[in-house]
Amino acid sequence: MDRKTLRRLAIERRLSLSEEERRKRSEILKGRILALDSYLSSATIAAYLPIRGEIDILPVLEKAKEAGKKVLLPRIVSPGRMVFLPFEENEKLVSNGYGIPEPPFEEGKAVDDIDLMLVPLVACHNLFRLGYGGNYYNNYLSRHKVKTTIGIGYQESVVEEDFRTERDIPLSLILTA
């Protein structure tokens, strides 16, 4: 099965879950993330804002901020390229071309020293993720050292097909519920 078909089917499976089921699973993963040594020992966490039924990690980000951790969000700066910027309280986020809210870009604010990155996934096989197809995370991870990368998704995201290409970067861990 090609990547485009895998992606489409995985998104359909995710969106077929009820909102209540997605909420329950997000809560389960919140507890698992907050208990990880890689979370507890991290000072800087790069994450995402959920779209299209992705696991809601906003409660994790709130807990991280309460614990004094620096929380970063991705900002697309050009096709296939993103940077991570601080997620500031009361800062107005702006929607990018994909409809994803992101922090406003300011020169010199990008942070590259990341302890933990929580990465959304559409599908996964072993430690490899399939995203929406823009290669933003693969491109970022190929150029930057991140201590721990964790793919976050639903159990229905796990596929048997090995969809990897030479550009795909393995993650440290995949968490699903």
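Further remarks concern the packing of helix α2 (residues 19-35) against helix α4 (residues 58-66). Running from amino to carboxyl end, α2 crosses α4 at an angle of 35°, the nearest separation of the two axes being 9 Å. Considering how the two elements wind past one another, α2 and α4 form a crossing that is right-handed. Residues Lys-30, Ile-33 and Leu-34 of α2 pack against Pro-59, Val-60 and Lys-63 of α4. The residue makeup of the contact of α2 with α4, split by class, is four nonpolar, no polar and two charged.

Quick look at the pairing of strand β9 (residues 146-153) now. The element β9 is extensively covered by neighbouring structure, given that seven of its eight residues are classed as buried. Bridge count between strand β6 (residues 114-120) and β9: six bridges; the pairing is parallel. When the bridges of β9 are listed, Ile-114 appears paired with Val-146. Summarising the sheet, β9 and strand β10 (residues 173-176) pair through four bridges and their orientation is parallel. The residue of β10 that forms the bridge with Gly-153 is Thr-176.

Our next topic: the sheet that holds β9. Taking strand neighbours across the sheet as the criterion, the six strands line up as β3-β2-β1-β6-β9-β10 in an open arrangement whose pairing is mixed. Every other strand in the sheet has two partners, leaving β3 (81-86) and β10 as the edge strands with one partner each. Each neighbouring strand pair of the sheet contributes to a mean axis angle of 30°, computed without reference to strand direction. Seen against the sheet, α2 touches β6, β9 and β10 and runs at an angle of roughly 145° to β10. Sitting on the sheet, α4 touches β1 (44-46), β2 (70-78) and β6, and the angle it makes with β2 is about 125°.

Another aspect to go through is the nonpolar core. The nonpolar side chains of a soluble globular protein tend to be buried with one another. Counting residues in each nonpolar core, the largest one holds 42 residues, and the members touching the most others are Tyr-39, Ile-57, Phe-84, Met-117, Leu-118 and Ile-152. Per element, the largest residue contribution to this core is five residues, and it comes from β6. Leave out the neighbours within four places in its chain, and Met-117 touches Ala-46, Phe-84, Tyr-137, Tyr-140, Leu-141, Val-146, Thr-148, Thr-149 and Ile-150. In terms of nonpolar packing, the next biggest core, distinct from the first, is built from nine residues, Leu-6, Ile-11, Val-122 and Phe-128 among them.

Scoring rules and cut-offs
Residues numbered from 1 in each chain as written. Predicted model: local features only at pLDDT ≥ 70, side-chain atom pairs only at ≥ 80, totals over all residues. Heavy atoms only, no water. Axes fitted to C-alpha atoms, helices over the stretch in contact; angles between N-to-C directions. Helix = DSSP H or I, 4+ residues; strand = E, 2+ residues; numbered from the N terminus. Left-handed = near helix turned anticlockwise from the far one by under 90°. Contact = heavy atoms within 4.5 Å. Nonpolar A, V, L, I, M, F, W, Y, C, P; charged D, E, K, R; others polar. Buried < 20%, exposed > 50% of the residue type's maximum accessible area, 1.4 Å probe, protein only. Pairing = 2+ DSSP bridges. Core = buried A, V, L, I, M, F, W, Y, C linked by side-chain atoms within 4.5 Å.

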